[in-house]
Amino acid sequence: MGLADLGVVPSGGTDTYQTASFRGTILLSDLATYNATLGSEASDMSFQLNAYVGFASGGSTFVYWVQDVFKVDTATKAVSVFDNVWNATSQPLPEIGPSALRGNGSFGSVNVSGVPETYYGDSASCSKPGACTTLDYSAVEPVDVFLQLNASLSGGKPSVRFSFDDGSGLQSFDTVTFSPMVAPAAFEGFFVNASALSAACVRCAGDVELVAGGPDSGYQTALSGTTDLTLGIQRWNGHDYEAIPDAYDYGIATAEGLSNASIREASDSIGAPAALVTNAPGSLGPLWGRASVAVVGVTVVGGSGGTLAVGGVNETFAGAYVELTLVPGEYDLVVTSGTTYPLGNRTLGAGEDLTLEVGGAAVVFVPHGLGAEVWSVTLGGETLNGTENITFGEPSGTYAFVVGPLSGFSSSPSTGNVTVNRSEANVSVTIDWSPTHVNLLAELVAFLDLRVGPLAVYDILVLFLAAGIVAAVASRRRPAKVRWGRPPPRPLPPRDAFDTEPLPPEPPHRPPPS
C-alpha cells in the first residue's frame, strides 16, 4: 500500500506523461511494523520510490524498472538506503549485466516464479550523511525524508541518478548509465502510461509509486502500533516539482506489501495533495484526480526563477513559470522573481485552474521636443515623472494612459491606450511636444502692453522674431535614453532542476533484492 499514479484518471480516461524527475516525500511521526516470520528483520519495513524509464535505440525499445529504497527498523529507528534496477523489456527476461548498464553497484540473481533473473543493486555508503543514521522522529517532532530519481543523457547515454535526504541534505549515492546500441534519438526519462503493458513489455505497469511494504525480497509486513505518516509524489514539470495529477492508495509493480493500513487523502505543508497512512484496516481505491484538486499557475513575464510562497511555505521554480496542484481551500500567494508580487488570498475550488500573470514588458514613453523639462505620465493608475524617457513594467493587457500637463507645451497624443502582449520585450510610445507659440506671444504682448502702453506694428514683429528663436531653442531634440520610472526586476540566477555534484567513487555493495 502507499501512493501511486497508475496513469488512470479516477473520473474516467487515462493520463499519459513523461518527466525528467520524480520526488517522493515521507513525513514520519509514528511508525511501527512487525512480522515475526522475518527473524532479524521482524521490525523492518521499506519505502520505495519506483518508476519506469524507457528509450528507443537501434530500432528497439528498452524499458527498465528502477527503485530508490529507504529501509527503516521501526524498533530502533535505524535506516539504510539502496537501489535496484530490473529489466522490463521482454519475456523471457534477458540477463542484464555490465554490457547493459553500469553503476557503483553489482549484479545479483533471484528466482522469479522458479526462473532465475538477474538484477542490479547498490547500497548507499555510510560515508554519505544520513545513510546509516538513526532517525529521531516523534509525534511532536516529525522527520521529513525525500527520495529522488533523476533521468538525463550522460555522454549520449541514458542515465538515472538515485538520491535521498533524511535531514542532511540531498545525497546522490548511485548513477546508473545504460548502454544502448546507439544513442537514443530522444530521451524523455520516466513515463506514466497505463497502456505500456504489452507482449513486448510484460512487466511495464507504466506507473510511478511510493509504496510502504516489507523490507525486501518480496516480504510482507503489517502495521503493529500507532502509525502516523504522510506520503507524497511530485513530478518535475519543467519549472518546479508538482504533485501527481491522479493518485491511488496502492502500487501494482512491487512484490513487498503492508497490511493493517488505512490511507486517505490529506495535504502536505504547502497544500499539495498527499496520502495519510494510519494503522487500521482499509480498502484500496482512488485518492484524488483532476476533478477533485485545483491547479494554480503563475507566469512572471521576464522572470528567471524564484519562489512561490503558499501560506508562507516556499516552492522554488526555474524560468518564468510556476505551477502547483493543491487541495481546494484558501491560500495566501506571493511570488518572488527579482521583485516580490503579492497575489492576495485566493480561494481555490475542486477542479479549478487558476492562471495568473505578474511582471511584464517595458512600456516606454519617449518624449520628442522637450529640453530638460520634468514631465509625467499616468498608466493604469500609476504616475511616474522624469526629464527623459519614462518606463513602466506591465503584464499583458490594455492600459489607458494620460500625459500630464506641462506649462508652455502641448503633447500629442495626450491620452490613449497601450496594449501589452506577453511575447513582447517592450512597447514604445512616442509623445510629441510642441511649444504653445501663440499663447506665449499673446501673454508677452499683453504683459508689455500693460507695462509700456500700446505697441506699434514694428514692436510686434520684433516680438514674433523673439518668439521664433525661443521656439527653435525649445524644440531641440535630446538623444533618447531609457530611464526606468521604477527599478527593473533584478533577475535571479537560473535554478538547475537537478543536483549535478559529481559522485565520488564508492566500493560496490550488494543489497538484498527488492
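That block above? That's the structure.
Summarised in this report is the structure supplied together with it. Keep in mind that what you see is a predicted model, and the values were worked out from it rather than measured.

## Some thoughts on the side chain of serine 21
On the secondary structure map, serine 21 appears in strand E3 (residues 21–30). A distance of 2.7 Å separates the side chain of serine 21 from the side chain of tyrosine 241, its partner in a polar contact.

## Considerations on unusual backbone geometry
Put simply, serine 412 and proline 413 share a cis peptide bond, and its omega is -5°. Within the secondary structure, proline 413 sits in the loop between strand E36 (409–412) and strand E37 (415–420). At asparagine 260, a position not held by glycine, the phi torsion is positive, near 60°. Looking at the element boundaries, asparagine 260 is found in the loop between strand E20 (257–259) and strand E21 (262–267).

## Concerning the sheet that holds strand E38 (residues 426–435)
Adjacent strands of a sheet pair through backbone hydrogen bonds, lying either parallel or antiparallel. Taken in spatial order, the four strands of this open sheet run E34-E31-E38-E36, and their pairing is mixed. Among the strands making up the open sheet, the edge pair consists of strand E34 (390–394) and E36. For this sheet, the mean angle separating the axes of adjacent strands, direction not counted, is 25°. As judged from the five bridges shared by strand E31 (residues 361–368) and E34, these two strands associate in the antiparallel manner. Counterpart to valine 363 in the pairing with E34 is phenylalanine 392.

## So, the packing of aromatic side chains
Counted by the stated rule, this structure contains 17 aromatic pairs. Judged by centre distance (6.3 Å) and plane angle (45°), the ring pair of phenylalanine 162 and phenylalanine 173 falls under tilted. A residue pair is termed long-range when its members are at least 10 positions apart, and phenylalanine 162 in strand E12 (residues 157–165) and phenylalanine 173 in strand E13 (residues 171–178) qualify at eleven residues. Comparing phenylalanine 162 with phenylalanine 173 shows no difference in burial state: the two are buried. Of the aromatic side chains, those joined through ring pairs into one cluster are Phe55, Phe62, Tyr64, Phe178 and Phe187. Directly above the ring of tyrosine 137 sits lysine 77, whose terminal nitrogen or CZ lies 4.4 Å from the centroid.

## Here's the deal with the pattern of salt bridges
The tally for this structure, following the rule as stated, stands at four salt bridges. Where aspartate 44 meets lysine 71, a salt bridge forms, and the shortest distance between an N and an O atom there is 3.9 Å. With aspartate 44 in strand E5 (residues 44–57) and lysine 71 in strand E6 (residues 60–73), the pair connects residues that are 27 residues apart, well separated along the chain. As far as the burial class goes, aspartate 44 and lysine 71 line up, both buried. The network of salt bridges with common partners includes Glu41, Asp44, Lys71 and Asp216.

## Topic: the pairing of strand E29 (residues 339–348)
The pairing of strand E28 (residues 329–337) with E29 spans nine bridges and is antiparallel. Note that in E29 the partner of leucine 333 across the bridge is glycine 344. The antiparallel pairing of E28 with E29 creates a hairpin that spans one residue between the two strands, and glycine 338 there sits at a positive phi of about 80°.

Rules of the game
- Residues numbered from 1 in each chain as written.
- Predicted model: local features only at pLDDT ≥ 70, side-chain atom pairs only at ≥ 80, totals over all residues.
- Heavy atoms only, no water.
- Helix = DSSP H or I, 4+ residues; strand = E, 2+ residues; numbered from the N terminus.
- Polar contact = N/O pair within 3.5 Å; in protein donor to acceptor, adjacent residues only side chain to side chain.
- Pairing = 2+ DSSP bridges.
- Axes fitted to C-alpha atoms, helices over the stretch in contact; angles between N-to-C directions.
- Phe/Tyr/Trp six-rings, centres within 6.5 Å; stacked < 30°, edge-to-face > 60°.
- Buried < 20%, exposed > 50% of the residue type's maximum accessible area, 1.4 Å probe, protein only.
- Lys NZ or Arg CZ within 6 Å of the ring centre and 35° of its normal.
- Salt bridge = Lys/Arg side-chain N within 4 Å of Asp/Glu carboxyl O.

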